[in-house]
Structures are given as C-alpha cells and as structure tokens.
Amino acid sequence: MTKATTTADPRPYHHGDLHRAIVGAALEVLSESQSTEFSLRELARRAGVSHNAPYKHFADKRDLLAAVSAVGFELLARQMTDATIGQSSPRERLAAMARAYVRGGVNNPALYRLMFGGYLTGQDDGRPAIERTAAENMKALLVDAIRDGALGRVIPTAAANTREIDGAILIFWSQMHGLTLLLVDRLVGPSEKMDELSESVLQGMLNGLANSIPAIPAGVWVGPPPGEPNVPNLALRG
C-alpha cells in the first residue's frame, strides 16, 4: 500500500484504485451539481488524496472528463441491457432500450450533455478514444436489435447493409436524443411521463422504419467524427 495524504483528512489509498476513485468522485459531483465546473483539486479532496494525485492518471481536466464520459456510456449500456431482460422480441428489446436511454439522460442531464455534447470534441473534431470505444459498445446493443428484426425484418450482417443500418441508427438516435433534451429542458413534460412518451415516439418511428429504412449517403458518418489517423471512429457509427 502506498499512502498519500491531504492536510485536512489523511487517508490511505491503493494506487490501483485511484483512477476509479477520481472518476467516481467526478460522477458524484456531476450528479450533485449538474455542472462540469469543478476542479481536479476538489475531486482529490473528495477521494482523500493529495491535490496532485489525480495528475498521476489524468493529464488535464479534459482527459478526466473523457474517462467520466466513457463510464457514462458504460452505465447507460448496462441500463439498456438490464431493461431488455424478459423481452422476447427484437422490437420489444429496442423499445425497452429506448425507454432506458431517455430515462438515463433525464435522470442525469449533465452527464448526458457531457456524453453527447461538444465539450470533449477536439480541434480536429475528434473525440477521445476511450469515449468512442464505450460509445461503440453501447451502439452495438441497438445494432443487434435492428439486425435481429426490430424493424420488421432481419437485416443480415454484411458490408452492403451498413449504410441501411446506419440510417436506422440515425433516425433512432435523432428521435430519442431529441426527446431526451426536450424533457431535460422542460419543453415537453412532465418527466414522470417519459416512459410513455418514449414508447409513443418509438412506436411511431418503428412503424415508419418498417415501411422504409433510408440508407445514409455514402461518406456520411453517424456520431462523433473520427479522431486521429488510423483510429477507427468508435462512436455511433456502423
């Protein structure tokens, strides 16, 4: 065990747990304050470590928030997965995931805006790789349901179907993302009706997609733009 202290409240910590402790503290502050206007020093105080300790794992605040956003995608993916338990059909699975998606954003707007807003977009329009990887894992849940027949027919896994699946993902994401922000900003409500609203919007969307799935134009990406050269775009992209 290596010990690091603060002058106010010295507590030991394991180096292996420090990364998780700092990210956990950031998630707590974000949930409590609904703001990203906090310092790494504040997080260190919460974690009970020296004010320099976070810099052992994070180069700067953006680096930390990228890790927080990645955990946000992991949590949302877990909520979406849990929501599908007991759902027998692909369409029911997709509907359950849609409700969980909206609920997750409404319950923690600041985390949702961090995940899907422009704060982490770099000068090259890229997003942090750790975040894109987590977003890709979440996206895979939606893709699986769509390929399995959530839109009324099975769509085989093949390169020729990528643009069609991306088109379905784009419509799904646009509808659910829009509804989430409308609820968060209280332009639609009440929030207690979010499950019913999600269901209503989703069923109308699925009925339309069952008739026609528009393929996205060639060369169009869905989600954050690719980052560095040779790094695949791992956000909502087929």
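Sequence order as written defines the numbering, with residues in each chain counted from 1. It should be noted that, the model being predicted, local features are given only for residues of pLDDT at least 70 and side-chain atom pairs only at 80 or more, the latter also being counted only at that level, while totals for whole chains, interfaces and linings use all residues. Excluded from the side-chain calculation are hydrogens and water; included are all heavy atoms of the structure.

### Describing the nonpolar core
Counted only if it meets this: Only buried residues count toward a nonpolar core, which is a set of Ala, Val, Leu, Ile, Met, Phe, Trp, Tyr and Cys residues joined through side-chain atoms within 4.5 Å. Only protein chains enter the accessibility calculation, which uses a 1.4 Å probe; a residue whose area is less than 20% of its type maximum is buried, one above 50% is exposed, and one in between is partly exposed. Helix numbering and strand numbering both begin at the N terminus, where a helix is a DSSP run of H or I of at least 4 residues and a strand a DSSP run of E of at least 2. What counts as a domain boundary in this text is fixed by an automatic or database domain assignment. Here a residue-residue contact requires only that any non-hydrogen atoms of the pair lie within 4.5 Å.
Counting residues in each nonpolar core, the largest one holds 65 residues, and the members touching the most others are Leu64, Val68, Leu94 and Tyr101. Looking at this core, the elements that each hand over two or more residues are helix 1 (15–33), helix 2 (40–47), helix 3 (61–83), helix 4 (90–107), helix 5 (109–116), helix 6 (129–150), helix 7 (162–184) and helix 8 (194–211). Sort the elements by how many residues they give to this core and helix 3 lands first, with nine residues. Two domains each put at least three residues into this core: domain 1 (17–58) and domain 2 (67–210). Dropping the residues within four chain positions of it, Leu94 is found in contact with Leu142, Ala145, Ile146, Ala150, Phe172, Leu202 and Leu206.

### Thoughts on helix 8
Stated formally: One less than the residue count of a helix, multiplied by 1.5 Å, gives the span that helix is expected to have.
Across its 18 residues, helix 8 extends 26 Å between first and last C-alpha, which sits within 8% of the 26 Å expected from 1.5 Å per residue. Residues of helix 8 that are buried make contact with helix 4, helix 6 and helix 7.

### Description of the side chain of Thr180
Position of Thr180 among the secondary structure elements: in helix 7. The residues touching Thr180, leaving out its near neighbours within four places in the chain, are Tyr101, Val102, Gly105, Val106 and Tyr112.

### Examining the UniProt feature "DNA-binding region" (unreviewed entry) in the protein chain
Cut-off, in case you're wondering: UniProt positions are given in the numbering used here, feature names are shortened, and annotations may be inferred rather than shown by experiment.
Here, the residues flagged by UniProt with the feature "DNA-binding region" (unreviewed entry) are residues 39–58. Annotation note: span residues 39–58, helix share 40%, strand share 0%, distance between end C-alpha atoms 12 Å.

### Describing helix 5
When you tally the buried positions in helix 5, you get seven out of eight residues, the bulk of the element. Along helix 5, the positions that sit buried rather than exposed are Pro109, Ala110, Leu111, Tyr112, Leu114, Met115 and Phe116.

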